[in-house]
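The lines below spell out each chain.
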Amino acid sequence: MSGDVAAALREPWDSLRRQREAAEFGVWIFLGSEALLFAGLLLAFAVNRTLHPAGFAASGRETDIVFGTVNTLVLLTSSLAMAVGSEAARAGLRRLALRALATVLLLGLTFLVLKGFEWAKDLREQLWPGAGFRLAEPGARLFFGLYWTMTALHALHLAGGLAVVGWLSWQGWRGTRPLGSPAFQVAALYWHLVDVVWILLYPLLYLGGRA
Amino acid sequence: MSGGEARAILRRGLLTWAGLLLLLLATLALAYVPMGWLNLPVGLAIAAAKALLVALVFMDLRRRDLLLRLAAGASLLWIGFLFLLTFADLLSRP
């Protein structure tokens, strides 16, 4: 076990505990900048929803509730797998950690594939706010401009998360990165933030105007 | 390296996940109940509850040191200013 700690320890820290604290503090600062990026888009959504309540309600009815809800479920479950993987890696439970990380990759890919099918359906239903846009209500174009921007930016973040988790899983599986490395917790924090962003997007993009 | 530790990790995760699932079902069902202007606040409140569960349990904020809570809280503070100042302008226009 002490060999594992020595392998995970990096300059300039003299203990793995300090290294873990620094890594987590650093990633929380990064998550803060990510939160402000998405908050800017959420603010644009909130302002335009206030200005065009009817158009936003009519647009909310046009997004696909089944794709949206199933994908929320997929992402919440991926966060469960990520939390288990991160804690298991820290506890040195190799088999559980690698299985959980593989589940994260599988669920993340599932989310992106479903999102792809949903985007294709949106395009068939002429919900791209360009020429031939189907909805006439004022504000509907703004809603769908934000819908495409926010879901695409979120998907990009998820793809980045998949690359990081895939890379760490590969290293963990090959044994080139010790399971005690704080990188697993750092990747988990990022993954959970991407999940939280989706948790906030879900009621705004999918649940509006349903009642 | 015990099976007990693995079970404890799984149990805590699954309990949180079950809570998230219940909140998701609740927000989906309530979205179809006509409550007028209340529909959006209810949906957002449930989303906030889900985000809080993820932050406290999965992101470990419940037992982390003050520094990390401060870093997480600082972004919420600035986002609060962003919304407060924007809406102070928007809603007070003649």
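Residues numbered from 1 in each chain as written. Chains lettered and ligands numbered in written order. Predicted model: local features only at pLDDT ≥ 70, side-chain atom pairs only at ≥ 80, totals over all residues. Heavy atoms only, no water.

A few words now on the overall build of chain B. Broken down by element type, chain B carries 3 helices and 0 strands. The order of α-helices and β-strands along chain B, N terminus first, is α-α-α. For chain B, whose C-alpha radius of gyration is 18 Å, the value lies well above the compact-globule estimate of 12 Å for 94 residues. With respect to the three principal axes, the spread of C-alpha positions in chain B is 65 × 40 × 10 Å. Long-range contacts, defined here as pairs at least 24 residues apart, represent 47% of the contacts in chain B between residues at least 6 apart. Carbon and sulfur atoms make up 77% of the accessible area of chain B, which amounts to about 5800 Å² in all. Of the side-chain charges in chain B, 9 are positive and 4 negative, and the distance between the mean point of each set is 9 Å. (Helix = DSSP H or I, 4+ residues; strand = E, 2+ residues; numbered from the N terminus. Rg over C-alpha atoms; globule rule 2.2 N^0.38 Å. Contact = heavy atoms within 4.5 Å. Areas by Shrake-Rupley, 256 points an atom, 1.4 Å probe, with all protein chains shown as cover. Lys, Arg positive; Asp, Glu negative; His and termini not counted. Charge placed at Lys NZ, Arg CZ, Asp CG, Glu CD.)

On to the interface of chain A and chain B. Between chain A and chain B, the residue contacts involve 47 residues of the former and 46 residues of the latter. Of the roughly 4000 Å² buried between chain A and chain B, counting both surfaces, carbon and sulfur atoms make up 81%. Between chain A and chain B we count 1 salt bridge in total. Residue Arg-12 of chain B is joined to Glu-87 of chain A by a salt bridge in which the shortest nitrogen-to-oxygen separation is 2.4 Å. Where chain A packs against chain B, one counts 3 residue pairs in polar contact (both at pLDDT 80 or more). (Buried area = accessible area lost by both parts, 1.4 Å probe. Salt bridge = Lys/Arg side-chain N within 4 Å of Asp/Glu carboxyl O. Polar contact = N/O pair within 3.5 Å; in protein donor to acceptor, adjacent residues only side chain to side chain.)

Another aspect to go through is the side chain of Ser-75 of chain B. Inspection of the secondary structure assignment puts Ser-75 of chain B in helix H3 (residues 66–91). Those residues in contact with Ser-75 of chain B that lie beyond four places of it in its chain are Gly-32 and Leu-36 of chain A.

Going through the model one piece at a time under the given rule, you end up with 8 salt bridges over all chains. Where Arg-93 of chain B meets Asp-89 of chain B, a salt bridge forms, and the shortest distance between an N and an O atom there is 2.9 Å. Owing to a relative accessible area of 53%, Arg-93 of chain B belongs among the exposed residues under this scheme. Through salt bridges that share partners, Asp-64, Lys-121 and Glu-125 of chain A make up one connected network. (Buried < 20%, exposed > 50% of the residue type's maximum accessible area, 1.4 Å probe, protein only.)

Attention now moves to the confidence of the model for chain A. Of all residues in chain A, 99% attain a pLDDT of 70 or more, and the chain-wide mean is 95. Averaged pLDDT values for the elements of chain A fall to 71 in helix H1 (residues 2–8) of chain A and rise to 98 in helix H5 (residues 94–124) of chain A. (pLDDT = per-residue confidence, 0-100.)

What follows is about the side chain of Asp-60 of chain B. Mapped onto the elements, Asp-60 of chain B comes out in the loop between helix H2 (39–58) and H3. Take Asp-60 of chain B: its relative accessible area is 11%, and that puts it in the buried class. Not counting residues up to four positions away in its chain, the partners in contact with Asp-60 of chain B are Arg-90 of chain A together with Ala-55 of chain B.

Now for unusual backbone geometry. One can expect most non-glycine residues to show negative phi and most peptide bonds to be in trans. The residue after Glu-11 of chain A, namely Pro-12 of chain A, is reached through a cis peptide bond having omega 0°. With respect to the helices and strands, Pro-12 of chain A occurs in the loop between H1 and helix H2 (16–51). With a phi close to 55°, Gln-126 of chain A is a non-glycine residue in the positive phi region. Within the secondary structure, Gln-126 of chain A sits in the loop between H5 and helix H6 (140–174). Within the chain, Asp-60 of chain B stands out as a residue other than glycine whose phi angle is a positive 65°.

Along its sequence, chain B is carved into domain 1 (1–62) and domain 2 (64–94). Placing a centre on the C-alpha atoms of domain 1 of chain B and another on those of domain 2 of chain B gives a separation of 23 Å. (Domains from an automatic or database assignment.)

Moving on: the UniProt feature "transmembrane region" (unreviewed entry) in chain A. Residues and elements named next belong to chain A. Under the UniProt annotation, the feature "transmembrane region" (unreviewed entry) is placed at residues 25–45, 65–84, 96–114, 146–168 and 189–208. The straight-line gap between the two end C-alpha atoms of residues 25–45 is 30 Å; of that span, 100% is helix and 0% is strand. The span residues 189–208 shows a helical share of 90% and a strand share of 0%, and its end C-alpha atoms are spaced 29 Å apart. (UniProt positions renumbered as here; feature names shortened; annotations may be inferred.)

All right, on to the UniProt feature "transmembrane region" (unreviewed entry) in chain B then. Within this numbering scheme, the UniProt entry marks residues 41–59 and 66–88 of chain B as carrying the feature "transmembrane region" (unreviewed entry). Its end C-alpha atoms 25 Å apart, residues 41–59 of chain B is made of 95% helix and 0% strand.

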